[in-house]
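Given next are the chains, with one letter for each unit.
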Amino acid sequence: MSQQHVVVVPPQGVDSSRDIKDLVERLRDRGADVAVSTVQHASASPYEARVVFVYRTLESVLLEAMGRGVQPSGSIGPWVTAATALLAELRARQAIGKSEGGEHGGALLVDMAELELHPSATADRALGRQVAGEEDAWRQRGRRVMRGDPVLRALARVCVAAAPKARKLSAELAEAAGQDTTPAVDADSAFLYYTGILQRRDPGVEDLAATALAEITAERDRARAETASLKSALAARQNAAGVTSISLGETFTHPAFHGFERTASGRPFRWMGLQNEAVIPTHIPAMAALKVTVVLEVVIDGKALGALDIGVNGRFATRTQTAMLPNGQIAKTAIVEMPTAADGTPEGDDTLSIWLRQNHSVDLSATGDPRCVGCGISYITVEPAAPPRGKAAEAPPTDAGAPQPASEPAPKPEPEPEAPAPYRVPGLAGPLDITRSRDDEGREIVTLFVRGAFDETAFHPLETMEDGTSFAWMGRAQEQAFTIVIPIDRPVAVEAHLPMVLDDAAVDALEIEFDQHSPDETSVARLEGSAVVKTAIFPAADATRPLAEAVEVVLRTPHTGDRSDEGDPRILSVALSKLVVRQL
């Protein structure tokens with residue numbers, strides 16, 4: 001029997017939830033070849049694959065929102081949009097199977113609540129297997145055991161009933177999923193639940209709760225006022241600085257970009273890849289020099305980040321600078337100088353267009369994704385830069401016979417803007433000194449060299465061996481973190497190449513951490529002389545995420561000492577010449 005292919009399409013925002021991961025593992029344990037996709041890309045699933053659409057009922061979405069203290073009305077519109085798109089894809093997939101037949105895998109709709117309550121039976125249904133003897137019984141039982149406060153659940157049902165379009169979509173989804181639509185909680189049961197609370201309440205507890213509620217309300221109001229003040233101050237500073245932000249959110253459209261997406265943490269972005277060059281018009285007035293920052297959520301690999309060019313009105317920057325933001329995003333910044341007239345005013349167009357050129361992208365068709373992608377961009381900011389050197393505006397000529405005003409001290413010249421550094425790996429103190437390659441099977445290898453402008457907190461200054469190899473002793477601090485960009489869907493090996501060590505105990509005590517995880521196993525290989533390579537093996541962080549991401553590699557040296565008897569008073573542990581991270 002050939003292997004069955006299954007494509008799981010989870011609801012937006014829960015693609016990396018425990019229940020979805022559990023379903024994927026159960027399907028693989030049953031011998032299926034499983035991939036995870038989105039509603040937008042479900043139509044690209046292989047013809048023979050069985051597509052399992054997982055959805056959340058509007059009732060459960062509203063219940064969760066109200067449980068967080070959010071008014072339910074704001075959740076109805078986004079749910080209706082998502083449910084409409086899901087039903088369209090489901091029916092399109094089912095229609096193909098009916099019209100063409102053959103080896104078409106078909107489609108299945110599953111309620112997220114059923115998946116949570118009956119994961120094993122759901123996996124069997126996803127593979128087209130009959131649930132042993134009681135398919136209808138377990139589904140109806142699952143509807144009766146839905147969790148949540150009955151009062152809030154009754155309110156959620158009222159909200160669904162009061163919105164005709166949402167009510168119709170809810171019924172269509174329930175029918176497509178083969179569910180019993182009888183309300184699990186009605187108004188009477190909610191009323192009995194509420195009156196039961198009233199009858200059992202303690203007046204003292206009520207007073208205490210009222211006091212606590214008043215304190216919480218006051219703190220909420222204070223926090224809201226402070227937030228509003230901070231937002232106002234931030235907006236004022238941005239306006240004063242002339243900062244303009246261009247969001248690639250839901251309303252943004254451009255032929256070079258794929259559809260709107262969100263990361264697992266909910267931040268929006270769009271992949272660039274439909275075209276290699278994008279011209280984004282703006283209403284920003286022309287100026288002599290600009291600072292353009294492109295903020296990225298994800299890159300397909302490390303090469304894509306370095307191959308992204310940034311320009312304005314067709315003039316591309318020759319130098320850029322890259323940095324890791326505190327929230328994990330990557331910011332690539334360029335300063336672009338525009339042609340100016342003799343008086344320093346910009347020449348050419350009255351407004352600016354941002355130009356992006358993606359010189360490297362990857363075709364994902366081999367993974368079941370028909371797209372070609374390079375950089376996933378969240379937003380772009382544009383702000384004035386200091387005027388280019390030698391192009392400051394000159395004072396207009398004066399009439400020689402006219403009286404001249406009293407001379408004033410000449411203003412201090414504006415400092416020349418600092419030239420952007422060469423491309424840097426986020427997290428490194430010095431310019432980039434890293435190579436990326438792939439082995440014969442396409443697995444990525446990232447090598448970080450300790451040389452050039454390497455200057456990290458935990459390391460002493462660079463030294464050079466007789467053969468020309470650069471290295472640095474670790475010992476000024478016991479921990480050092482490096483940020484690299486690599487996919488995390490495969491196991492990885494992290495190799496610390498140590499040309500010299502304080503002693504064997506320092507090698508044994510050296511800890512290597514990858515993406516905040518400890519290794520499954522470590523090994524030590526002793527080379528010629530005193531050189532050592534310590535290797536740590538880590539499992540795949542997330543098999544469903546084959547895209548390159550920024551992750552931290554941490555070296556920790558709890559064992560240190562000095563060589564005072566040899567005339568070296570420094571605190572030392574191990575000497576590092578390079579760090580190699582390779583996919584397995």
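Owing to the predicted nature of the structure, the values given are computational and were not obtained by experimental measurement. (Residues numbered from 1 in each chain as written. Predicted model: local features only at pLDDT ≥ 70, side-chain atom pairs only at ≥ 80, totals over all residues. Heavy atoms only, no water.)

1. Considering the sheet that holds strand 23 (residues 492-498)
- Strand order across the open sheet formed by six strands is 18-19-32-23-27-26, with antiparallel pairing between neighbours. The two strands at the open ends of the sheet, each matched to only one other strand, are strand 18 (434-438) and strand 26 (521-526). Along the sheet, successive strands turn relative to each other by an average axial angle of 15°, direction set aside.
- Summarising the sheet, strand 19 (residues 444-449) and strand 32 (residues 578-583) pair through five bridges and their orientation is antiparallel. Looking across to strand 32, one finds that Val446 is bridged to Val581. (Pairing = 2+ DSSP bridges. Helix = DSSP H or I, 4+ residues; strand = E, 2+ residues; numbered from the N terminus. Axes fitted to C-alpha atoms, helices over the stretch in contact; angles between N-to-C directions.)

2. Quick look at the environment of Phe454
- Here Phe454 lies in the loop between strand 19 and strand 20 (463-464).
- On the basis of relative accessibility, which here comes to 11%, the residue Phe454 falls in the buried class.
- Each C-alpha atom, one on Phe454 and one on Ser470, is 10.0 Å from the other, the two residues being 16 residues apart in sequence.
- What Phe454 contacts, discounting residues up to four positions off in sequence, is Phe449, Phe459, Leu462, Ala472 and Phe482. (Buried < 20%, exposed > 50% of the residue type's maximum accessible area, 1.4 Å probe, protein only. Contact = heavy atoms within 4.5 Å.)

3. Here's the deal with the packing of aromatic side chains
- Tallied over the entire structure, the rule returns five aromatic pairs.
- Note on Phe269 and Trp271: the rings are 5.9 Å apart at their centroids and 80° apart in plane angle, and the pair reads as edge-to-face.
- Classification of Phe269 by relative accessible area gives buried; the value is 4%.
- With a centroid separation of 6.4 Å and an interplanar angle of 50°, the aromatic rings of Phe459 and Phe482 are classed as tilted. Pair noted here: Phe459 is in the loop between strand 19 and strand 20 and Phe482 is in strand 22 (residues 479-487), with a separation of 23 residues, a long-range link.
- Judged by relative accessible area, which is 1%, Phe459 ranks as buried.
- With relative accessibility at 0%, the residue Phe482 sits in the buried group.
- The side chain of Arg357 reaches across the aromatic face of Phe316, ending 3.8 Å from its centre.
- Sitting over the ring of Phe449, Arg451 keeps its end group 3.9 Å from the ring centre. (Phe/Tyr/Trp six-rings, centres within 6.5 Å; stacked < 30°, edge-to-face > 60°. Lys NZ or Arg CZ within 6 Å of the ring centre and 35° of its normal.)

4. A look at helix 1 (residues 18-29)
- Spanning 12 residues, helix 1 covers 16 Å between terminal C-alpha atoms, matching the ideal 16 Å at 1.5 Å per step.
- Asp19, Ile20, Leu23, Val24 and Leu27 are the residues of helix 1 that are buried. Buried residues of helix 1, viewed axially, fall in a sector of 140°; they line one side. Away from its buried face, by an angle of more than 90 degrees, helix 1 presents the exposed residues Arg18 and Asp29.
- Of the surrounding elements, those touching the buried residues of helix 1 are strand 1 (5-9), strand 2 (33-36), strand 3 (50-55), helix 4 (112-117) and helix 5 (119-126).
- Phi for Gly31, located one or two positions after helix 1, is positive at around 90°. (Expected span 1.5 Å × (residues − 1). Arc of directions from axis to C-beta.)

5. Looking at the nonpolar core
- Residues Phe257, Ile354, Leu356, Ile377 and Ile380 are the most contacted members of the largest nonpolar core, which totals 39 residues.
- Here this core gets six residues from one element, more than from any other, and that element is strand 9 (residues 289-299).
- Beyond its immediate stretch of four places on either side in the chain, Phe257 contacts Leu248, Phe252, Arg270, Trp271, Met272, Leu274, Ala278, Ile280, Leu356 and Ile377.
- Within the second largest apolar cluster, 34 residues are counted, among which are Ile486, Val532, Val551 and Leu576. (Core = buried A, V, L, I, M, F, W, Y, C linked by side-chain atoms within 4.5 Å.)

6. Things to note about the environment of Asp363
- Tracing the backbone shows Asp363 in strand 15 (residues 362-363).
- In the structure, Asp363 is positioned 63 residues away from Ile300 in sequence and 9.9 Å away in space, judged by C-alpha atoms.
- Beyond its immediate stretch of four places on either side in the chain, Asp363 contacts Pro370, Arg371 and Cys372.
- Among the polar contacts made by the side chain of Asp363, one reaches the main-chain amide nitrogen of Ser365 at a distance of 3.0 Å. (Polar contact = N/O pair within 3.5 Å; in protein donor to acceptor, adjacent residues only side chain to side chain.)

7. Description of the sheet that holds strand 8 (residues 277-285)
- Reading across the sheet, the four strands line up as 8-14-10-11 and stay open at both edges, with antiparallel pairing between neighbours. Of all strands in the sheet, those with a lone pairing partner are strand 8 and strand 11 (315-316), marking the two edges.
- Note that strand 8 and strand 14 (residues 351-358) share six bridges and pair antiparallel. Counted as the bridge partner of Ala278 is Leu356 from strand 14.

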